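# Observations on the three-dimensional arrangement
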Amino acid sequence: MCSRVWFVTDRRISQEYPQVQILRALKERCAEEDVEFRSCLMDQIVLTISEGQLGLRVEQELVTSYPQVVVVRVPTPWVQSDSDITVLRHLEKMGCRLINRPQAILNCVNKFWTFQELAGHGVPLPDTFSYGGHDNFLKMIDEAEPLGYPVVVKNARGHRGKAVFLARDKHHLTDLCHLIRHDTPYLFQEYIKESHGRDVRVVLVGGRVIGSMLRCSTDGRMQSNCSLGGVGMMCPLSEQGRQLATEVSNILGMDVCGIDLLQLNDGSFVVCEANANVGFIAFDQACGMDVAGIVADYALSMLPNRLTRKMSLLSVVSSTSETSSEPEVCPVPTGGGSLPEAVCNMSVGSTSSESDPELAEPSQPSPHQASAPDLSDLPDPAYNFNTILANEIKLLTE
């Protein structure tokens, strides 16, 4: 039987770094392994049910040979269950092995849905409230008082750190209520003060931790997203952190994902978010990895005639991350000089503040976000990022 792998993505994100790199890696691996490969966009697929049987057409062509494995990249915050998920369900019901599966993607479409799935499994989570309907935000100001202030407020479908803000008090929250968009619900979440401006991004493929990156904000904001100007640095992860990220991935049913963890004063972690369509441009840069290549290797390992083969690359990466020592920290500049290039180059995307409520449609991300920020936009060089990062690395490994 001829082996076939497809790559399916959304036109809106097809030119972004993760999709371009996964497409590249899949083409290379499939050519090397003599596997038939095809790439298509969601809006090119037509679903059919003819004579009681499921079928497919792509660009007016009847598909007669279906893929065994389909690698999926869809913009999770914009996924519509009656369109994108319908396509993925159709492929799954035809016997295709999807990476990630439709239900796993749905588990991460809405941040509160993610917490609903994780609740009851002993996973440490910040206390979180949400509501039904689109007009009950004002009512929740009173209902969420047990969470205390300041309180974190997030759009349930927000992404890349957008539509997330920290409300100082009830009056602040009431004022913001009149500015934010109410097209989707918000969630109210306990503020983890000790993790303000930093988190740990853990990337997993096939249920294995392939690496972890410490992310820190550079301007004092709560969010540490590299797409908002935060900096990332490879860091080892404690066994509790590894087990927690793996457990979250398994509960949510994800093959490829990013788990964001917040660290408490005692060194333990709580779950912040889970990402089914994880971005990895900053991760690749910080950790010196090729996530797309690992995803492609995993996809080919899931072909029916290869399920017994060991994923040597994943095993090597996993064992390396388990035994890695404290990463080397760039020397601190003296005399008020510029930040080291190695640190600056880990900052990806705009440094403009997104902690204010989102007032318009999210802008299309640029495929060239890997460029380093203008140093004039960064805080005073005396603000010692390297010392901060080194201290955080020490905390993570103690």
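So, a few notes on the structure that sits alongside this text. The structure displayed is predicted, hence computed values, not measured ones.

## Let's talk about the sheet that holds strand β11 (residues 186–190)
Overall, antiparallel pairing links the four strands, which are arranged β8-β11-β9-β10 in an open sheet. Because the sheet does not close on itself, it has two edges, and the strands there are β8 (128–129) and β10 (164–167). Relative to β11, strand β9 (residues 151–155) runs antiparallel, the two being bridged by five bridges. Paired with Val 151 across the bridge in β11 is Glu 190. On top of the sheet, helix α6 (residues 170–177) reaches β9, β10 and β11; it is set at about 145 degrees to β10, its chief contact.

## Focus on the sheet that holds strand β5 (residues 61–62)
Spatially, the three strands line up as an open sheet ordered β3-β4-β5, and their pairing is antiparallel. At either end of the open sheet lies a strand with only one pairing partner, and these are β3 (45–50) and β5. Across two bridges, strand β4 (residues 53–58) lies against β5 in antiparallel orientation. Bridging across to β5, Arg 57 finds its partner in Leu 62.

## Some remarks on the packing of aromatic side chains
For the coordinates displayed, the defined rule picks out one aromatic pair. Geometrically, the ring pair formed by Tyr 17 and Phe 280 is edge-to-face, given 5.9 Å between the ring centres and 70 degrees between the ring planes. In this pair, Tyr 17 sits in helix α1 (residues 17–32) while Phe 280 sits in the loop between β16 (269–275) and α8 (281–287), placing the two residues 263 residues apart along the sequence. Under the relative-accessibility criterion, Tyr 17 is labelled partly exposed at 25%.

## Looking at unusual backbone geometry
Trans is the prevailing form of peptide bonds, just as negative phi is the prevailing case for residues other than glycine. Residue Ile 99 is joined to Asn 100 through a cis peptide bond whose omega torsion reads 5 degrees. Of note, the amide linkage connecting Tyr 149 to Pro 150 takes the cis form, showing an omega dihedral of -5 degrees. Here Pro 150 lies in the loop between α5 (137–143) and β9. Even without glycine at this site, Glu 59 takes up a positive phi of about 50 degrees. Here Glu 59 lies in the loop between β4 and β5.

## Considering the side chain of Asn 275
By the secondary structure assignment, Asn 275 is in strand β16. Under the relative-accessibility criterion, Asn 275 is labelled buried at 19%. Apart from the residues within four sequence positions on either side, Asn 275 is in contact with Arg 201, Met 254, Val 256, Cys 257, Gly 258 and Asp 260.

## Focus on the pattern of salt bridges
One pass over the full model with this rule turns up 16 salt bridges. Of the charged contacts in the structure, one is a salt bridge between Arg 24 and Glu 28, with a shortest N-O distance of 3.4 Å. Placement of the pair is Arg 24 and Glu 28 together in helix α1, with a separation of four residues, close to one helical turn. A relative accessible area of 25% places Arg 24 in the partly exposed class. Across the pair Glu 145 and Lys 170 runs a salt bridge, and its minimum N-O distance is 3.0 Å. Highlighted residues: Glu 145 in the loop between α5 and β9 and Lys 170 in helix α6, separated in sequence by 25 residues. Judged by relative accessible area, which is 34%, Lys 170 ranks as partly exposed. Here the residues in one salt-bridge network are Arg 24, Glu 28, Arg 29, Asp 290 and Asp 297, joined through shared partners.

## A look at the side chain of Arg 198
Secondary-structure assignment places Arg 198 in strand β12 (residues 198–205). Of the residues examined, Arg 198 reaches a relative accessible area of 11% and is grouped as buried. Looking at Arg 198, its side chain comes within polar contact range of the side chain of Gln 263, at 3.4 Å.

## Points about the environment of Ser 3
Mapped onto the fold, Ser 3 is located in the segment before β1 (4–9). The buried category is assigned to Ser 3, whose relative accessible area is 8%. C-alpha separation for the pair Ser 3 and Val 69, spaced 66 residues apart in sequence, amounts to 8.8 Å. Look past the residues within four positions of Ser 3 in its chain and what remains in contact with it is Val 35, Glu 36, Gln 68, Leu 303 and Asn 305.

Each value, and the rule that gives it
- Residues numbered from 1 in each chain as written.
- Predicted model: local features only at pLDDT ≥ 70, side-chain atom pairs only at ≥ 80, totals over all residues.
- Heavy atoms only, no water.
- Pairing = 2+ DSSP bridges.
- Helix = DSSP H or I, 4+ residues; strand = E, 2+ residues; numbered from the N terminus.
- Contact = heavy atoms within 4.5 Å.
- Axes fitted to C-alpha atoms, helices over the stretch in contact; angles between N-to-C directions.
- Phe/Tyr/Trp six-rings, centres within 6.5 Å; stacked < 30°, edge-to-face > 60°.
- Buried < 20%, exposed > 50% of the residue type's maximum accessible area, 1.4 Å probe, protein only.
- Salt bridge = Lys/Arg side-chain N within 4 Å of Asp/Glu carboxyl O.
- Polar contact = N/O pair within 3.5 Å; in protein donor to acceptor, adjacent residues only side chain to side chain.

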